[in-house]
Amino acid sequence: MKTTVFEQINRFNTAYAACIDDDRLESWPDFFADRCLYKVTTYDNHHNNMPAGLIYADSKAMLHDRISALREANIYERQRYRHIMGMPLVQSESNDELVSESAFQVTRIMRGGKMDLFAIGKYLDEFQRDGETLKLKKRIVVCDSISIDTLLAIPL
Amino acid sequence: MTTNTFSMGRSVVPRWGEDTSEIPYWVYQNEDVRRLEQEKIYQGPAWNYLCLEAEIPRAGDYRTTFIGEMPVVVARGDDGEIYAFENRCSHRGALIALEDGGNAKDFTCVYHAWNYDLRGDLKGVAFQHGVGGKGGMHDAFRMEDHNPRKLRVTTLCGLVFGSLNDDVPSIEEYLGDEVLERIERVLHKPVKVIGQFKQILPNNWKLYFENVKDTYHASLLHVFFTTFRLNRLSQKGGVIVSESGAHHVSYSAIDPKEQVSAEYEAEKLRSDKEDYRLQDTSLLAGVDEFGDGVTLQILSVFPGFVLQQIQNSIAVRQILPKEQELTELNWTYIGFVDDTPEMQTMRLKQANLIGPSGFVSMEDGAVGGFVQRGIRCAGDQVSVVQMGGKGIAGADYRATETSVRGFWHAYRAYMGL
């Protein structure tokens, strides 16, 4: 049965969220094309055309490096995320590309039980399409708030 | 009545012994200490970082920021000069400017429409002469007697500093030649802002400022650095502490002839993971843009400014106290106006090293909170800051806490503790 673009993106985003929230971070880069851009920024920076990000990776290999740094090098208190994904707003589609945006909300659950609304914002996405298989060519994570509490270790 | 119980002689601030290498934990907990800091440090003879000149290039451009907990407006006047004043209407005390920044001809308080020019001078009082001959301000009222508090403003290499104190020396004298030279080394041409982020730290501001000055922790807590030999204590480098103790510079340079350090081998540090390699090393591709081989320079200006150069990743950080156990860290990532697109891309990639998600900085966001939580019941105990002795001299090595002691030396002098 043929699925709609809407369903494809929803399915993609749900799997993306589960991958991060279930701590299968080593598989997270597989949601991206080899040549890709993943950037975490804020509404103000995005709105003012500021190019820098909190995280800036322009290859799938850099995404792998981000995860190995988290596993091997960086120190942070044990924590988990729970993503709640919004519905995609599809902006354009062609045979090999989809452009859409989706809202997200991330609750951070700390060791000891403290839960915070850690990040809320939207993903600005460009997908590479191969049949019903999607890969991210570009995901700009635009956080609504300019401030990050303590640190941002696990990707959004 | 004064709220300052300290100066009333009814001191509730505990006594600090002679030794400045033993830091009492109450200094991060005591509410009277916190109030005294506003008066003695932030409103005392210190230069507080306000913003970059590049953020307010044109007449009418302004930013709102803080000196300690005091809200201030920084604006460029019609004459091209920079002015700063307390962001508090002299009528009822409401904020005069509500935005982070922008461009304005003047400022009007939203509450009763009192109006201020770009210098912070009160220029208009709504209905000053009443309405229809009735009401209005009394005849003796003079607008010039009711300006918000004005700051002294100075600029240095595109950095804007302000002070509420008339006795503070010039910024050059305040910093001393050695610190000054190292600001000039980095900010030697016009800069542009490439990103601005805010990090909320769950700890007292002093714990973060100490962390900045603490060269001892760098290669122990931040293992990403050591793995790639960006910052080993055995690299050549050192620490400069200003004569006052208040400011510092730490720096290191890659020594290509460096041999494997025996001390590191013996310690078998967690930080040495020989099998850890990046898949995409373009992250660390850099150029020696200052021509002196220095790959890292961290510079702090008391009480809350940091200029950081890590390879080609340049940023200024503003440290603002918000609550006893809450600090705001404002990151401004910068490049130079004449950066090529390739240079800019290099900076964007290297920015992965810094900030709230930085490979070599994310730990600093959390470690102050670990201290704050660890000392919860230890207000009468002390931390021991004695690596490299008890003095505050500069050093040509970095396994020392000399600049942390320098901070406390200056802090005690300001606070009279």
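Size of an interface: often given as the accessible area lost when the parts come together. If you look at the interface, chain B gives 39 residues, while chain A gives 35 residues. For the pair chain B and chain A, the summed buried surface comes to about 3,200 Å²; carbon and sulfur atoms form 58% of the total. Applying the counting rule to chain B against chain A returns two salt bridges. The closest approach of N and O atoms between lysine 349 of chain B and aspartate 58 of chain A, which form a salt bridge, is 3.1 Å. Counting across the chain B and chain A interface gives 20 residue pairs in polar contact (both at pLDDT 80 or more). Of all the secondary structure elements, the ones that give two or more residues to the side of chain B that touches chain A are strand 12 (191-201), helix 6 (223-227), helix 8 (341-350) and helix 9 (362-374) of chain B. In terms of residue count, the dominant contributor to the side of chain B that touches chain A is strand 12 of chain B (eight residues). Taken together, the residues of the side of chain B that touches chain A break down into 19 nonpolar, 11 polar and nine charged. Sheet analysis places strand 7 (residues 147-149) of chain A next to strand 12 of chain B, joined by three bridges and oriented parallel. In the strand pairing of strand 12 of chain B, isoleucine 148 of chain A is matched with glutamine 199 of chain B.

With that out of the way, let us pick up the packing of aromatic side chains. What characterises a pair of aromatic rings is the spacing of the ring centres plus the angle enclosed by the ring planes. By the definition in use, this model includes 32 aromatic pairs over all chains. Ring geometry for tyrosine 16 of chain A and tyrosine 123 of chain A: centres 5.8 Å apart, planes at 70°, overall edge-to-face. A residue pair is termed long-range when its members are at least 10 positions apart, and tyrosine 16 of chain A in helix 1 (residues 5-21) and tyrosine 123 of chain A in strand 5 (residues 115-130) qualify at 107 residues. On the basis of relative accessibility, which here comes to 0%, the residue tyrosine 16 of chain A falls in the buried class. Among the aromatic residues, those joined into a cluster by ring pairs are Trp16, Tyr25, Trp26, Tyr28, Tyr42, Trp205, Phe209, Phe302, Phe407, Trp408, Tyr411 and Tyr414 of chain B. The ring centre of phenylalanine 359 of chain B lies 4.1 Å from the NZ or CZ of arginine 66 of chain A, which sits over that ring. Stacked on the ring of phenylalanine 66 of chain B, the Lys or Arg lysine 322 of chain B has its end atom at 3.4 Å from the ring centre.

Bringing the side chain of serine 100 of chain A into the picture now. Residue and element names in this part refer to chain A. Summarising the element assignment, serine 100 is placed in strand 4 (residues 97-110). Owing to a relative accessible area of 1%, serine 100 belongs among the buried residues under this scheme. When residues no more than four places from it in sequence are discounted, the contact partners of serine 100 are Ile9, Leu89, Val90, Gln91, Tyr123, Leu124, Asp125 and Phe127.

Moving on: the confidence of the model for chain B. Residues and elements named next belong to chain B. Mean pLDDT over chain B works out to 91, with 90% of the residues at or above the 70 mark. Contacts from residues 1-9, a stretch scored under 50 in pLDDT, to residues over four places away or in other chains number 13 contacts. Of the two predicted TM-score estimates for the complex, the pTM is 0.94 and the ipTM is 0.97.

Let's shift gears to a nonpolar patch on the surface. Residue and element names in this part refer to chain B. Judged by side-chain polarity, Leu95, Leu98, Val110 and Tyr111 come together as a nonpolar surface patch covering roughly 440 Å² of accessible area. By the secondary structure assignment, tyrosine 111 is in the loop between strand 7 (107-108) and strand 8 (115-116). Here tyrosine 111 falls in the exposed class, since its relative accessible area comes to 51%.

All names here are of chain A. Taken in spatial order, the six strands of this open sheet run 2-1-6-5-4-3, and their pairing is mixed. Each end of this open sheet is capped by a strand with a single partner; those strands are strand 2 (55-57) and strand 3 (79-93). Ignoring strand direction, the axes of neighbouring strands in this sheet form an average angle of 20°. Note that strand 4 and strand 5 share 13 bridges and pair antiparallel. By the bridge assignment for strand 5, valine 106 is matched with alanine 119. Together, strand 1 (32-42) and strand 2 form the strand contacts of helix 3 (residues 60-72), whose direction differs from that of strand 1 by roughly 60°.

We now examine the environment of glutamate 77 of chain A. Assignment of secondary structure puts glutamate 77 of chain A in the loop between helix 3 and strand 3. Under the relative-accessibility criterion, glutamate 77 of chain A is labelled buried at 14%. With 50 residues separating them along the chain, glutamate 77 of chain A and serine 27 of chain A place their C-alpha atoms 22 Å apart. Excluding residues that lie within four positions of it along the chain, glutamate 77 of chain A makes contacts with Met110 and Arg111 of chain A together with Phe370 and Arg373 of chain B. A distance of 2.9 Å separates the side chain of glutamate 77 of chain A from the side chain of arginine 111 of chain A, its partner in a polar contact. There is a polar contact of 2.5 Å between the side chain of glutamate 77 of chain A and the side chain of arginine 373 of chain B.

Conventions adopted
Residues numbered from 1 in each chain as written. Chains lettered and ligands numbered in written order. Predicted model: local features only at pLDDT ≥ 70, side-chain atom pairs only at ≥ 80, totals over all residues. Heavy atoms only, no water. Contact = heavy atoms within 4.5 Å. Buried area = accessible area lost by both parts, 1.4 Å probe. Salt bridge = Lys/Arg side-chain N within 4 Å of Asp/Glu carboxyl O. Polar contact = N/O pair within 3.5 Å; in protein donor to acceptor, adjacent residues only side chain to side chain. Helix = DSSP H or I, 4+ residues; strand = E, 2+ residues; numbered from the N terminus. Nonpolar A, V, L, I, M, F, W, Y, C, P; charged D, E, K, R; others polar. Pairing = 2+ DSSP bridges. Phe/Tyr/Trp six-rings, centres within 6.5 Å; stacked < 30°, edge-to-face > 60°. Buried < 20%, exposed > 50% of the residue type's maximum accessible area, 1.4 Å probe, protein only. Lys NZ or Arg CZ within 6 Å of the ring centre and 35° of its normal. pLDDT = per-residue confidence, 0-100. Patch = residues over 30% accessible without salt bridge, like charges linked within 9 Å, V, L, I, M, F, W, Y side chains within 5 Å. Areas by Shrake-Rupley, 256 points an atom, 1.4 Å probe, with all protein chains shown as cover. Axes fitted to C-alpha atoms, helices over the stretch in contact; angles between N-to-C directions.

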